[in-house]
Amino acid sequence: QVRLVESGGGLVQPGGSLRLSCAASGSIATIATMGWYRQAPEKQRELVAAITSGGSTNYADSVKGRFTISRDNAEKVVYLQMSSLKPEDTAVYYCNAYIISYSDYKFRAYWGQGTQVTVSS
């Protein structure tokens, strides 16, 4: 089975930094795009950042210049470095990846369990 496990969330003051990590494990043949989404209370889940296997990135306008997504293909890990955090960044952050597993050789979207990020003084 394929799993995505996030870590690195927590409480941080405005202006602070956090780094989220997401490790993929299981019967994985190929990982394509990996990304981070977030969902604040009473709001829809939104894309924060995404990165292709070749390293091309895409960011939400609200985080450009403050967040950086990166990945280690060998270790099957994607990171989200968050800086200059604002209270409006408070949300549950979810890791997402499009993966072909050895079980059926089909691209499927997988999600992590989510990690809470709270920006507050």
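Just above, that's the structure.
Here goes a summary of the coordinates provided. (Residues numbered from 1 in each chain as written. Predicted model: local features only at pLDDT ≥ 70, side-chain atom pairs only at ≥ 80, totals over all residues. Heavy atoms only, no water.)

1. Notes on the nonpolar core
Counting 32 residues, the largest nonpolar core has Trp36, Leu80, Met82, Tyr93 and Ile99 as its most contacted members. Per element, the largest residue contribution to this core is five residues, and it comes from strand S9 (residues 91–101). For methionine 82, the residues in contact, after removing those within four places along its chain, are Gly16, Ser17, Leu18, Leu20, Arg66, Phe67, Tyr93 and Val117. (Core = buried A, V, L, I, M, F, W, Y, C linked by side-chain atoms within 4.5 Å. Buried < 20%, exposed > 50% of the residue type's maximum accessible area, 1.4 Å probe, protein only. Helix = DSSP H or I, 4+ residues; strand = E, 2+ residues; numbered from the N terminus. Contact = heavy atoms within 4.5 Å.)

2. Quick word on the pattern of salt bridges
For the structure shown, the criterion picks out five salt bridges. Between glutamate 46 and arginine 38 there is a salt bridge, with the nearest N and O atoms lying 2.7 Å from each other. We classify glutamate 46 as partly exposed; its relative accessible area is 35%. Notably, a salt bridge pairs arginine 66 with aspartate 89, separated by 2.7 Å at the nearest N-O pair. Separated by 23 residues along the polypeptide, arginine 66 in the loop between strand S6 (57–59) and strand S7 (67–72) and aspartate 89 in the loop between strand S8 (77–82) and S9 bring together distant segments of the chain. Neither residue differs from the other here; arginine 66 and aspartate 89 are each classed as buried. Within this structure, Arg38, Glu46, Arg66 and Asp89 form a network of salt bridges that share partners. (Salt bridge = Lys/Arg side-chain N within 4 Å of Asp/Glu carboxyl O.)

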